[in-house]
Amino acid sequence: DGGITQSPKYLFRKEGQNVTLSCEQNLNHDAMYWYRQDPGQGLRLIYYSQIVNDFQKGDIAEGYSVSREKKESFPLTVTSAQKNPTAFYLCASSPDRGHTEAFFGQGTRLTVV
Amino acid sequence: KNQVEQSPQSLIILEGKNCTLQCNYTVSPFSNLRWYKQDTGRGPVSLTIMTFSENTKSNGRYTATLDADTKQSSLHITASQLSDSASYICVVDRGGYNKLIFGAGTRLAVHP
């Protein structure tokens, strides 16, 4: 069954902790993306990766870090430097250059407790 | 400023009725415009993608229109079903990896 899988679905973080959100795809897509979704706002791009071992900052990269060691995986770490991390995080992938068609995962809801 | 504005913010309709959602954009350059459906707590799913030369595109009961001159798009839902209850997001692609501009979405509730 091809697709893009995010885990966990829900995640709780204490103040000052780093947490890592998982994103795996078996669609053989080169490009992968992380977005943040807040109520009443459009999705905002955190990081994207065009190819293995390469990634670029999006519009709101501060307080986040990523890695792309494998084509299938693009984990996102929310660090303690992110002052307002509570949000819904979406991972996406696209098959070719230019983001022609983006496929989204089911999301991870992160809450700071 | 590159922006995508959607209206209304929310909408309630009765099952079986039609509705139209609006999207106005001030994005340049323009590569394509997309409509996504997002169920609560889930990831968005693509409904349609339209390029500059396409005026209308259908996907079942969903029909999207695009007027590139006035920079407006609409999504028309015919004979609504309870399962149509979701947020509908308009997205304009400027072309490139980091060039998607997302609207805030219209939240549609279909009541029996």
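To be clear, the structure that these remarks concern was listed above.
**Remarks on the interface of chain B and chain A**
Contacts between chain B and chain A engage 18 residues on the former and 24 residues on the latter. With both sides pooled, the region where chain B packs onto chain A buries about 1,700 Å², and carbon together with sulfur makes up 54% of that total. Run the count over chain B and chain A and you get four residue pairs in polar contact (both at pLDDT 80 or more). Per element, the largest residue contribution to the side of chain B that touches chain A is three residues, and it comes from strand S4 (residues 32–38) of chain B. Looking at the side of chain B that touches chain A residue by residue, the class counts come to eight nonpolar, seven polar and three charged.

**Topic: the pattern of salt bridges**
On inspection of all chains with the given rule, the structure shows six salt bridges over all chains. A:Arg36 is the partner of A:Asp38 in a salt bridge, and the nearest nitrogen-oxygen pair spans 2.8 Å. Here A:Asp38 matches A:Arg36 in class, with each residue buried. For B:Asp93, the salt bridge goes to B:Arg34, with nearest N and O atoms at 2.8 Å. Placement of the pair is B:Asp93 in strand S9 (residues 86–93) and B:Arg34 in strand S4, with a sequence separation of 59 residues.

**Overview of the nonpolar core**
B:Val4, B:Tyr25, B:Leu33, B:Trp35, B:Leu75, B:Tyr88 and B:Leu108 are the most contacted members of the largest nonpolar core, which totals 24 residues. Those elements that place two or more of their residues in this core are strand S3 (19–25), S4, strand S5 (45–51), strand S7 (62–67), strand S8 (72–77), S9 and strand S11 (106–111) of chain B. Leaving out residues up to four positions away in the same chain, B:Val4 has contacts with B:Cys23, B:Asn24, B:Tyr25, B:Val27, B:Cys90, B:Val92, B:Ile101, B:Phe102 and B:Gly103. The next biggest cluster of nonpolar side chains, apart from the first, holds 20 residues, and it includes A:Cys23, A:Ile60, A:Phe74 and A:Val78.

**Here's the deal with the sheet that holds strand S6 (residues 56–59) of chain B**
Residues and elements named next belong to chain B. Taking strand neighbours across the sheet as the criterion, the five strands line up as S1-S3-S8-S7-S6 in an open arrangement whose pairing is antiparallel. The open sheet terminates on both sides in strands that have one partner only, identified here as strand S1 (4–7) and S6. Neighbour-to-neighbour, the strand axes of the sheet open up by a mean angle of 15°, direction not taken into account. Taken together, the four bridges between S1 and S3 define a ladder with antiparallel strand orientation. The partner of Ser7 across the bridge, within S3, is Gln22.

Conventions and cut-offs
- Residues numbered from 1 in each chain as written.
- Chains lettered and ligands numbered in written order.
- Predicted model: local features only at pLDDT ≥ 70, side-chain atom pairs only at ≥ 80, totals over all residues.
- Heavy atoms only, no water.
- Contact = heavy atoms within 4.5 Å.
- Buried area = accessible area lost by both parts, 1.4 Å probe.
- Polar contact = N/O pair within 3.5 Å; in protein donor to acceptor, adjacent residues only side chain to side chain.
- Helix = DSSP H or I, 4+ residues; strand = E, 2+ residues; numbered from the N terminus.
- Nonpolar A, V, L, I, M, F, W, Y, C, P; charged D, E, K, R; others polar.
- Salt bridge = Lys/Arg side-chain N within 4 Å of Asp/Glu carboxyl O.
- Buried < 20%, exposed > 50% of the residue type's maximum accessible area, 1.4 Å probe, protein only.
- Core = buried A, V, L, I, M, F, W, Y, C linked by side-chain atoms within 4.5 Å.
- Pairing = 2+ DSSP bridges.
- Axes fitted to C-alpha atoms, helices over the stretch in contact; angles between N-to-C directions.

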